[in-house]
Amino acid sequence: MKKIVLLGQPNSGKTSLFNLLTGASQEVGNWPGVTVEIKEGKCRIHNETYTIIDLPGVYSLSPFTMEEKVTRDYLLEHNDIRIINVLDANHLERQLFLTFQLWLLGKPMIIALNMMDEVEQKGVMVDTEKLSSITHSPVAQIVARTGKGLTRLTDMFVLDTVSTQPNHPLLNPEFNLIHPLFSQIRNRIGKDKKDSTLDFQAFQLLLSPDLLDQKQHSLTTSEITELKKSIVNWEQTHHQKLSEYLYQTIYTWTKSIETQITKYTREKPIAQSLDQKMNRFENWILHPWIGVVIFAVVMFLLFQAIYFTGGFLKGYLEILLSAINRGILHLQSPLWQSFLSRALLQGVGNIILLLPFIFSSFLFLSWLEDIGYLSRAAYVMDRFMHKLGLHGKSFIPLILGFGCNVPAVMACRTMETEQEKIKTMMMVSFIPCSGRLPVLLAMCGLLFPRSAGLWMFILYLLGILISVLTAFILEKTLIHSPPGELIMELPPYRWPYFKNNLKSAIQKTKQFLVKAGTIIFLVSVLIWFLSYFPNPSDFGGSTSALGTLGKWVAPVFSPLGFDWRLTVSLISGFVAKELILSTVSILFNQSAGNMTGLFAFFSRGTLLAFLIFQLLYTPCLATVASIKNESHSLNWALFSVIWSSSVAWIFAWAIHFLV
Amino acid sequence: MTKSLEDYLEKIYGLRLNLAEIRVKDIALEMGVSQPSVNQAIKELVKLEFIKHLPYSKIELTQKGLEQAKMIADKHHVLKSFLVNGLGVSEVNAEKDACLIEHIISQESLEHIQEFMSKLEQDDCSKSYLQEEMSCENAASAIPLSRLAKGEKGIVLCIHGGECIKKRLQEYGFLVNETIEMVRNISNCPYLILVKGYQIAIGRGIGEKILIKPVETLSE
Ligand SMILES: Nc1nc2c(ncn2[C@@H]2O[C@H](COP(=O)(O)OP(=O)(O)OP(=O)(O)O)[C@@H](O)[C@H]2O)c(=O)[nH]1
Ligand SMILES: [Mg+2]
């Protein structure tokens, strides 16, 4: 099967194109560094199946961060691939910089000029024919958001064009100063093998002999030392740094192409883009203080929007579920009645009842990611993050954590140092994800019926506060790191493409439903089973199997005022956060819409302590696993479990004591 | 040259990056000493031909002075980064200790520390900007990025710092001779710079390493 790799600078629209080609809905967002992992998908064109591969965006092929290494290594390790180089046609000069390097790989390449809608709106025309003749590659203009121009691009898949070596611009006269050095290295590494990437490797060695690891080239350490000597020689002869010379000459080349192939057709653009309109507000948005206030307001509005839309949609589901409930009550068999109403309706149904909230939180987050605000928030927060030994970039995973902690932990790959990465991960695990939403909603509705939305916001703030505190303590104790420095591109504002936001929200909601149908269902059944047997008349009582088990663990939580049933809920919540609500509903026979029955068992103080405990205690199993994967250390995964549980315990204890 | 003269020279060099012109009172203020004692030191530095004393008590480094000062500043930087990044000493104490050590350390020890640090920083890109590499030839006429106000343009003259950070900046388009525009320059916040049509936010620490020439002076 033919493999086609999507490559381009960050935020150029690779994943948008990937989704378009494969029908997937991988994460798209308007900031650089959304994709951190290799994603594969299939696409069928002209009766042929292709494997499409989406890689993290890179500015060039010298690897600095982990996700850049992923891309570079993939390219060097796979031979039988074709490349689609996705370019943001708004800024060809910088975008073509990568094209220059990809071309050296000597692999079949198609150039996709993306964002043509924006380019056209600016009144710019791009001469694709000319670009094609300069680069010896087919060129297509596309709008990866909407799919415009897609067929012209896919038609090119069947062409077999390999940009042949002699044409590479590196061999042009403007690069003649390095020709001797280049061929010297090329001959050396190519002594005894045939490999199409030799040119590329030679170029990389010239550019950064230090940065390459041994497996990328076949030179010995002494040969590298020799190479460095020749570079120093070269630099002395020509009175400039070799890498500077290379960068400058490549940029001169890209600039000249840009001028050759673009021309303004109109004096003025048809309409102002969102980016131009927002320019007026930029002073406020990026203001050191006002910017922070704006961020708080944005988050608050986000929560209100989630709460409002979710509540609106929830009403319909409630009607449906109560109808089902009435049906169940007609059943004769007490076993079936108990099973269906408890395990199914209370365990799974209650979670599904809150589905609208989850859906709308995904929808609005996706909207926020797409507009281009996240990088700005990161910019504003940079100076605060410095106090934690971090910088603004770490802020983006934190916001992603509101959706789900797992991808947020993975987003920490864009951090440059190990210390920053670990610290950010530890922060992420305190950000209340959408899985904690169901319990939060139900409990806030119960404890603060009139101002539930506001209280949810406050609780989220508490989560953030503890997250910051954690990083602060880590900075002062275990991982003190000299503050790294921010280098980050601020993307232009773009109107979110609502169709894609909706698609992505639906996709994530589907995943959530799958989770409800599998893991949540299974654990609910298990909880029901252990409550029902051996003594159906004492359902969920102290003589049930669950009661016997639960009482073993309960003493740990009895200082907080929790009984064994709350304890069991918390334990099941470790599997998936939604299960806290399921288990509480099953054991106390409550519905998520109205849990006032809980007051019969607990005081307000205890319930509040429970609410705070579940907000802060250990991240779910999936998050812990991904912390372990990403940090390559079981210790950090355990640390996050133990630390967060201890913090939660102390907070809950204090509240139980005070209230 | 005495320790205190070295300190004066280093301070003048440091001030030069931030002020358009340096006067005796600036030095006194910065070092927390009286103006007469500054005058005394200045006299000696003039005698050594490290600085020139211009009218209106303005001070300028000579070529010889510039080189000497660079050497001292370089030493200071290497030592400090060794203390902070190599050993984990706090910024504040590292700064103080580097000030003391720099006057007495032997050339050999310094070279070894330098070598050690370059090994340490090789695989850790974000930090290597701390490793100063004072090799800008045209740095004498350059000012640091921080002096560009909002909306002003400058031409990059050189980028100090380790290879690694340099390469990253170059990838974003910060090349020698590139014209860049300051979009935001507010103290404590990262700079926001327009380069090759993109807005790039860069931390102030890195920003200090980019030396530029304002565009107006070019047209004169
Ligand atoms: N106007 C316009 N916007 C686009 C187009 N293609 C993508 N976008 C937007 O550009 C942004 C980046 O798109 P992505 O597909 O996430 O870019 P990417 O190249 O995968 O980015 P990384 O994964 O960060 O490297 C998103 O906000 C998209 O909605 C296009 O053709 N026109
Ligand atoms: Mg992507």
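This structure is a prediction, so every number in the text was calculated from the model and none was measured. (Residues numbered from 1 in each chain as written. Chains lettered and ligands numbered in written order. Predicted model: local features only at pLDDT ≥ 70, side-chain atom pairs only at ≥ 80, totals over all residues. Heavy atoms only, no water.)

Undergrad: Please explain the nonpolar core as it appears in this structure.
TA: What tends to happen in soluble globular proteins is that the nonpolar side chains get buried as a cluster. Ranked by size, the top nonpolar core spans 134 residues in total, and within it F395, F562 and F613 of chain A carry the most contacts. Discounting residues that sit within four places of it in the chain, F613 of chain A has contacts with F557, L560, F562, L570, S645, A648, W649 and A652 of chain A. (Core = buried A, V, L, I, M, F, W, Y, C linked by side-chain atoms within 4.5 Å. Buried < 20%, exposed > 50% of the residue type's maximum accessible area, 1.4 Å probe, protein only. Contact = heavy atoms within 4.5 Å.)

Undergrad: Explain the packing of helix α4 (residues 63–86) of chain B against helix α5 (residues 91–104) of chain B to me, please; I cannot follow it from the model alone.
TA: In a pair of packed helices, the angle between the axes and the distance between the axes together describe the arrangement. Residue and element names in this part refer to chain B. Orientation of α4 relative to α5, taken along the N-to-C sense of each, is 135 degrees, at an axis distance of 8 Å. Considering the angle they form, α4 stands oblique to α5. Both α4 and α5 take part in a crossing whose hand is right-handed. Touching I72, K75, H76, L79, K80, L83 and V84 of α4 are E91, A94, E95, D97, A98, C99, I101 and E102, all from α5. (Axes fitted to C-alpha atoms, helices over the stretch in contact; angles between N-to-C directions. Helix = DSSP H or I, 4+ residues; strand = E, 2+ residues; numbered from the N terminus. Parallel < 35°, antiparallel > 145°, perpendicular 65-115°, else oblique. Left-handed = near helix turned anticlockwise from the far one by under 90°.)

Undergrad: So what exactly am I meant to see when it comes to helix α7 (residues 179–189) of chain A here?
TA: For an α-helix, the turn length of 3.6 residues means that residues three or four places apart are oriented alike. All names here are of chain A. Of the residues making up α7, those classed as buried are L181, F182, I185 and I189. For α7, the angular spread of buried residues about the axis comes to 100 degrees, placing them on one side. Residues of α7 that are exposed and point over 90 degrees away from its buried face: P180 and N187. (Arc of directions from axis to C-beta.)

Undergrad: In this structure, what is going on with the packing of helix α3 (residues 92–104) of chain A against helix α10 (residues 242–261) of chain A? I would like to understand it.
TA: Residues and elements named next belong to chain A. Running from N to C, α3 and α10 cross one another at 115 degrees; their axes reach a closest spacing of 8 Å. Seen from above, α3 lies across α10 with right-handed handedness. Contact residues: α3 offers L92, E93, R94, L96, F97, F100 and W103, while α10 offers Y247, I250, Y251, W253, T254, K255, I257, E258 and I261. When the residues that make up the contact of α3 with α10 are grouped by side-chain class, the tally is eleven nonpolar, one polar and four charged. (Nonpolar A, V, L, I, M, F, W, Y, C, P; charged D, E, K, R; others polar.)

Undergrad: Hey, could you run me through a nonpolar patch on the surface in this one?
TA: A contiguous nonpolar patch, built from L331, L335, W336, F529 and F533 of chain A and spanning about 470 Å² of accessible area, is present on the exposed surface. For L331 of chain A, the location among the structural elements is in the loop between α13 (290–329) and α14 (334–353). (Patch = residues over 30% accessible without salt bridge, like charges linked within 9 Å, V, L, I, M, F, W, Y side chains within 5 Å. Areas by Shrake-Rupley, 256 points an atom, 1.4 Å probe, with all protein chains shown as cover. Salt bridge = Lys/Arg side-chain N within 4 Å of Asp/Glu carboxyl O.)

Undergrad: I'm lost on the domain arrangement of chain A in this one. Help?
TA: Buried accessible area, meaning the area lost when the parts come together, often serves as the stated size of an interface. Split into domains, chain A comes out as domain 1 (2–158), domain 2 (171–264) and domain 3 (290–480 + 501–658). The distance between the C-alpha centroids of domain 2 of chain A and domain 3 of chain A comes to 52 Å. (Domains from an automatic or database assignment.)

Undergrad: Is there a simple way to explain the coordination of the magnesium ion (ligand 2) in this structure?
TA: Around a metal, the idealised angle for a tetrahedral arrangement of four donor atoms is 109.5 degrees; for an octahedral arrangement of six donor atoms it is 90 or 180 degrees. Residues and elements named next belong to chain A. Distances from the magnesium ion (ligand 2) to its protein donors, namely T15 (OG1) and T35 (OG1), fall within the range 2.0 Å. Residue T15 is found in helix α1 (residues 14–22), and its partner T35 is found in the loop between α1 and β2 (39–45); the two are separated by 20 residues along the sequence. Per residue, the accessibility class of T15 equals that of T35, and both read buried. (Donors = N, O, S within 2.8 Å, 3.2 Å for Na, K, Ca; no water.)

Undergrad: I would appreciate a short explanation of the interface of chain B and chain A in the present structure.
TA: Facing 41 residues of chain B, the contacting portion of chain A comprises 42 residues. Buried surface at the junction of chain B and chain A, summed over both partners, amounts to about 4000 Å²; 56% is from carbon and sulfur atoms. If you sort the residues of chain B by the area they bury against chain A, K167, E171 and Y198 of chain B come out on top, with a joint share of 20%. Note that E244 of chain A and K166 of chain B form a salt bridge whose closest N and O atoms lie 3.9 Å from each other. One can count 15 residue pairs in polar contact (both at pLDDT 80 or more) joining chain B with chain A. Counting residues per element, the ones that place at least two in the side of chain B that touches chain A are α4, α7 (163–171), β7 (191–195), β8 (198–202) and α8 (204–207) of chain B. Sort the elements by how many residues they give to the side of chain B that touches chain A and α7 of chain B lands first, with nine residues. For strand β9 (residues 487–490) of chain A and β8 of chain B, the ladder comprises four bridges, and the chain directions are antiparallel. Along β8 of chain B, the bridge assignment pairs E489 of chain A with I200 of chain B. (Buried area = accessible area lost by both parts, 1.4 Å probe. Polar contact = N/O pair within 3.5 Å; in protein donor to acceptor, adjacent residues only side chain to side chain. Pairing = 2+ DSSP bridges.)

Undergrad: I keep staring at the pairing of strand β5 (residues 153–159) of chain B and nothing clicks. Help me out?
TA: A regular strand carries its side chains on alternate faces of the sheet. Residues and elements named next belong to chain B. The buried count for β5 comes to six of seven residues, which makes it a mostly enclosed element. Relative to strand β6 (residues 179–184), β5 runs antiparallel, the two being bridged by three bridges. Residue pairing across strands places K153 opposite E181, the latter belonging to β6. Relative to strand β9 (residues 210–214), β5 is paired through five bridges, and the arrangement is antiparallel. Within β9, the position partnered with I155 by the bridge is K213.

Undergrad: Help me understand the packing of aromatic side chains, please; the structure alone is not making it clear to me.
TA: Here a ring pair, both rings aromatic, is described through the centre-centre distance and the interplanar angle of the planes. In this structure the tally under the stated criterion is 37 aromatic pairs over all chains. A ring pair is formed by Y59 of chain A and Y172 of chain B, whose centres lie 4.5 Å apart and whose planes are at 45 degrees; its orientation type is tilted. Note that Y59 of chain A is positioned in the loop between β3 (48–54) and α2 (66–77) and Y172 of chain B in the loop between α7 and β6, a pairing that runs across two chains. What makes Y59 of chain A buried here is its relative accessible area of 5%. When its relative accessible area of 3% is taken as the criterion, Y172 of chain B is described as buried. Above the ring of W289 of chain A, the side-chain terminus of R383 of chain A is found at 4.7 Å from the ring centroid. The side chain of K577 of chain A reaches across the aromatic face of Y617 of chain A, ending 3.9 Å from its centre. (Phe/Tyr/Trp six-rings, centres within 6.5 Å; stacked < 30°, edge-to-face > 60°. Lys NZ or Arg CZ within 6 Å of the ring centre and 35° of its normal.)

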